[in-house]
Amino acid sequence: MTTPTTHLSYSPGSLYRKGDPATSRAAAISVLDTLPAIQQAVYAYAYAQGFHGFTDDEMMQHFQSTRSTYRTRRAELTRAGLIVDTGLTRTLPTGRKAIIWAMFDKANEVKK
């Protein structure tokens, strides 16, 4: 696998944890090759959040961005079935409720 050379690139090892099964590792790496740079960053962030999941606001804080760029890339990954709505919400500092998103294979664990 060739890792893209943009400032948003993620190494294959950043997409899985040491204890993940080989099949999960292979799946994460195979997806990385097909995604544009910002989608790669969002996908890697989603993976890093694991069973905790994330809200769009948390993701925007992580990327230190107030623009919709990352939210749009998350929406694209959602349409592709790689990130899903867990059916849960988290209360933001503003008091509003926000959808908790997670990688498709982690979403069922978020709900437990």
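In every chain, residue numbers begin from 1 and rise along the written sequence. The model is predicted, so local features are restricted to residues of pLDDT at least 70 and side-chain atom pairs to those at 80 or more, both for listing and for counting; the totals for chains, interfaces and linings are taken over all residues. Working from all heavy atoms in the structure, the side-chain values ignore hydrogens and water.

Here we take up the overall build of the protein chain. What counts as a helix is a DSSP run of H or I of at least four residues, what counts as a strand is a run of E of at least two, and both are numbered from the N terminus. When helices and strands are tallied, the protein chain shows 5 helices and 2 strands. When the helices and strands of the protein chain are read in sequence order from the N terminus, they spell out α-α-α-α-β-β-α. Exposure categories follow from relative accessible area, calculated using a 1.4 Å probe and restricted to protein chains: below 20% of the type maximum is buried, above 50% is exposed, and the middle band is partly exposed. Expressed as a percentage of its 112 residues, the buried residues of the protein chain come to 38%. Looking at the protein chain alone, contacts between residues at least 24 apart form 49% of all its contacts between residues at least 6 apart. Accessible surface area values rest on a Shrake-Rupley calculation with a 1.4 Å probe, where residue burial reflects the displayed protein chains alone. A total accessible area of about 6400 Å² is found for the protein chain, and carbon and sulfur atoms account for 54% of it. Residue contacts follow a heavy-atom distance rule, with two residues in contact if any of their heavy atoms lie within 4.5 Å.

On to the packing of aromatic side chains. Both the distance between ring centres and the angle between the ring planes are used here to describe each pair of aromatic rings. Side-chain rings of Phe, Tyr and Trp (the six-membered ring for Trp) are treated as a pair once their centres are within 6.5 Å; stacked means planes under 30 degrees apart, edge-to-face means over 60, and tilted covers the remaining angles. According to the stated counting rule, one finds 3 aromatic pairs in the structure shown. Here Phe 63 and Tyr 70 contribute two aromatic rings whose centre-to-centre distance is 4.2 Å and whose plane-to-plane angle is 5°, an arrangement assigned as stacked. No difference in accessibility class separates Phe 63 from Tyr 70, as the two residues are buried. Feature note: the residues Tyr 45, Phe 54, Phe 63 and Tyr 70 constitute an aromatic cluster, connected by ring pairs. Here the basic side chain of Arg 74 rests over the ring of Trp 101, its NZ or CZ set 3.7 Å away from the ring centre. Charges are assigned to positions over rings by a cutoff of 6 Å between ring centre and Lys NZ or Arg CZ, combined with an angular limit of 35 degrees from the ring normal.

All right, on to the pattern of salt bridges then. A pairing counts as a salt bridge when a side-chain nitrogen of Lys or Arg comes within 4 Å of a carboxyl oxygen of Asp or Glu. Scanning the entire structure with this criterion turns up 4 salt bridges. Between Arg 74 and Asp 56 there is a salt bridge; the shortest N-O distance is 2.8 Å. With Arg 74 in helix α4 (residues 69–79) and Asp 56 in helix α3 (residues 56–62), the pair connects residues that are 18 residues apart, well separated along the chain. Relative accessible area serves as the criterion here: at 7%, Arg 74 is assigned to the buried category. Of the charged contacts in the structure, one is a salt bridge between Arg 96 and Asp 57, with a shortest N-O distance of 3.6 Å. Linking Arg 96 in the loop between β1 (83–91) and β2 (97–103) with Asp 57 in helix α3, this pair joins segments that are 39 residues apart in sequence.

Take the nonpolar core next. Core analysis: the biggest nonpolar cluster contains 16 residues, and Val 42, Phe 54, Met 59, Phe 63, Tyr 70, Leu 77 and Ile 83 have the highest contact counts within it. Among the secondary structure elements, those contributing two or more residues to this core are α2 (37–49), α3, α4 and β2. Among the elements that line this core, the one with the most residues is α2, at 6 residues. Residues enter a nonpolar core if they are buried and are Ala, Val, Leu, Ile, Met, Phe, Trp, Tyr or Cys, with the set joined through side-chain atoms within 4.5 Å.

With that settled, the discussion passes to the environment of Thr 72. Looking at where Thr 72 falls in the secondary structure, it is placed in helix α4. Overall, the relative accessible area of 31% leaves Thr 72 in the partly exposed class. Residues Thr 72 and Val 42, 30 residues apart in the sequence, show an inter-C-alpha distance of 9.9 Å.

Once that is clear, we can look at the side chain of Asp 56. Given a relative accessible area of 12%, Asp 56 falls into the buried group. Every residue in contact with Asp 56, bar those within four places of it in the chain, is listed here: Arg 71, Arg 74 and Trp 101.

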